[in-house]
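# Notes for the structure review
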Amino acid sequence: MKEPTKRIAIYPGTFDPITNGHLDIVRRASELFDEVIVALARNSQKSPVFSEPERLELVIRAIAEACPECTNIRADAFQGLLVDYAQTRGARAIVRGLRALSDFEYEFQMALMNRKLAEGITTVFLMPNERYTYLNSTIVRELARNGKDVGDFVPRAVSEALRDKFEPKFH
Ligand code: COA
C-alpha cells in the first residue's frame, strides 16, 4: 500500500521577535499537520531590530521553551518567494494567524496571490487564543524599548534578548 503523503505546513513571518501569539498558532498547526516549518523571511519588507540569525535562534529557543513536546515543528529561514520555498519543502499548506478584521484584507490579498502563483498550495487561517488578539511584535518591541516587562507576551528567551538589546539605553 502507498505510504500516505506527509502533510507539511509552512508558518512564515518576520518574527521580530516571535511572540506568544505566534507560538499559539504554531502549536495549533502542529496538531493539524505532520510537520510545521516556522519559516523566517530573510527579505522581509520590514527593517528588523533583530538580525536574521538572532531571530532564527529566538524562534528555535521559543519553540523549545513553549512546546517541548511538539517534535514535529522545525525552524528555517528562506529568501525569495514564499510559494517557491514551500514547494522546495514539499509543503501543501501555508498557515497564517487571523487576529482581527484588520488582518483580513492583507491576508486575503496575500493568500489569493500565493494561490495564483501556486495552485497546489492552500493558505489556512487559524485564530489565536483571544488573549493574543491585540499582540504584535511592534508593540512588544516598543514596550521593551521603554523598559517595560514583556514577560506576559513572549517566552523567557525572547524577553531576555529584548532586555539585552535595549537595556544599554537605560545606563
Ligand atoms: N500573534 C501575535 N502577533 C502576530 C500574530 C499572532 N498570531 N500573527 C501575526 N502577528 C503580527 C506580527 O508580529 C507582525 O507584527 P508587526 O507588524 O508589528 O511586526 C504582524 O502581525 C504580521 O507579521 P508576520 O506574521 O510576521 O508576517 P509578516 O507580514 O511580517 O510576514 C511574509 C509576511 C514574510 C509572510 C510575506 O511578506 C512573505 O511571504 N514574504 C516572502 C515574499 C513573498 O512571497 N511575497 C509575495 C507574497 S504574496
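Attention here is on the structure that accompanies the text. (Residues numbered from 1 in each chain as written. Predicted model: local features only at pLDDT ≥ 70, side-chain atom pairs only at ≥ 80, totals over all residues. Heavy atoms only, no water.)

## Some details on a nonpolar patch on the surface
Here is the rule: Patch rule: a residue counts if its relative accessible area is over 30% and it has no salt bridge; like charges are joined within 9 Å, and nonpolar side chains (Val, Leu, Ile, Met, Phe, Trp, Tyr) within 5 Å. Per-residue and other accessible areas follow the Shrake-Rupley method at a 1.4 Å probe size, with only the shown protein chains counted as cover for residues. Basic side-chain nitrogens of Lys or Arg form a salt bridge, by our definition, when they fall within 4 Å of a carboxyl oxygen of Asp or Glu. Numbering of helices and strands starts at the N terminus; helices are DSSP runs of H or I of at least 4 residues and strands are runs of E of at least 2.
A cluster of nonpolar side chains, contributed by Leu-101, Phe-104, Phe-108 and Leu-112, occupies part of the molecular surface with about 420 Å² of accessible area. Along the chain, Leu-112 turns up in helix H4 (residues 101-117).

## A word on the state of the cysteines
The condition that has to hold: Whenever a pair of cysteine sulfur atoms sits within 2.5 Å, that pair is classed as a disulfide. Exposure classes here rest on a 1.4 Å probe applied to the protein chains alone. A residue is buried below 20% of its type maximum, exposed above 50%, and partly exposed in between.
Counted under the stated rule, the structure contains 1 disulfide. Linked covalently through their sulfurs, Cys-67 and Cys-70 form a disulfide whose S-S length is 1.7 Å. In this structure, Cys-67 and Cys-70 share a single accessibility class: buried.

## With respect to the packing of helix H2 (residues 52-66) against helix H6 (residues 156-166)
Selection rule: Axis definition: a line fitted to C-alpha atoms, over the contacting stretch in the case of helices. Angles run 0 to 180 degrees between N-to-C directions. The criterion used for residue contact is that any of the two residues' heavy atoms lie within 4.5 Å. Polarity classes work like this: nonpolar for Ala, Val, Leu, Ile, Met, Phe, Trp, Tyr, Cys and Pro, charged for Asp, Glu, Lys and Arg, and polar for all others, with Gly in that last group.
Remark: H2 packs on H6, axes separated minimally by 8 Å, with the N-to-C direction vectors making an angle of 145°. For the pair H2 and H6, the contacting residues are Glu-54, Leu-58, Arg-61 and Glu-65 in the first and Arg-156, Ala-157, Val-158, Glu-160, Ala-161 and Lys-165 in the second. Class assignment of the residues belonging to the contact of H2 with H6 gives a composition of 4 nonpolar, no polar and 6 charged.

## What about the nonpolar core?
What counts, and what does not: Only buried residues count toward a nonpolar core, which is a set of Ala, Val, Leu, Ile, Met, Phe, Trp, Tyr and Cys residues joined through side-chain atoms within 4.5 Å.
Counting residues in each nonpolar core, the largest one holds 35 residues, and the members touching the most others are Tyr-11, Val-38, Val-95 and Leu-162. Listed by contribution, the elements that provide at least two residues to this core are strand E1 (8-13), helix H1 (20-32), strand E2 (35-41), H2, strand E3 (73-78), strand E4 (93-97), helix H5 (137-145) and H6. With near-sequence residues (within four places) excluded, Val-38 lies in contact with Tyr-11, Phe-15, Val-26, Val-59, Ile-63, Ile-73, Arg-74, Ala-75 and Asp-76.

## Regarding the pattern of salt bridges
This structure, assessed with the given rule, holds 14 salt bridges. In this structure, Arg-74 and Glu-35 form a salt bridge, with 3.7 Å as the shortest nitrogen-oxygen distance. Taken together, the residues span a long stretch of sequence, with Arg-74 in strand E3 and Glu-35 in strand E2 at a distance of 39 residues. On the basis of relative accessibility, which here comes to 7%, the residue Glu-35 falls in the buried class. It is possible to trace a salt-bridge network through shared partners that takes in Lys-6, Glu-35 and Arg-74.

## Observations regarding the site of the ligand
What counts is decided by this rule: Here a residue counts as near a molecule or strand whenever at least one of its heavy atoms sits within 4 Å of it. Residues adjacent in sequence count toward polar contacts only when both atoms are side-chain atoms; beyond that, a polar contact is any pair of N or O atoms within 3.5 Å, and within protein one must be able to donate a hydrogen and the other to accept it.
Neighbouring residues of the ligand: 24 residues in total, closest Thr-14, Lys-46, Leu-82, Ser-137 and Thr-138. The separation between a nitrogen atom of the ligand and a polar main-chain atom of Gly-21 is 3.2 Å. Between the ligand and Lys-46 there is a distance of 2.7 Å, counted from an oxygen atom to a side-chain nitrogen or oxygen. Protein chains bury 85% of the 940 Å² of accessible surface belonging to the ligand in isolation. If you list the elements that add at least two residues to the shell around the ligand, you get E1, H1, H4 and H5. The greatest single-element share of the shell around the ligand, amounting to 4 residues, is contributed by H4. Among the residues forming the shell around the ligand, the class breakdown is 11 nonpolar, 10 polar and 3 charged.

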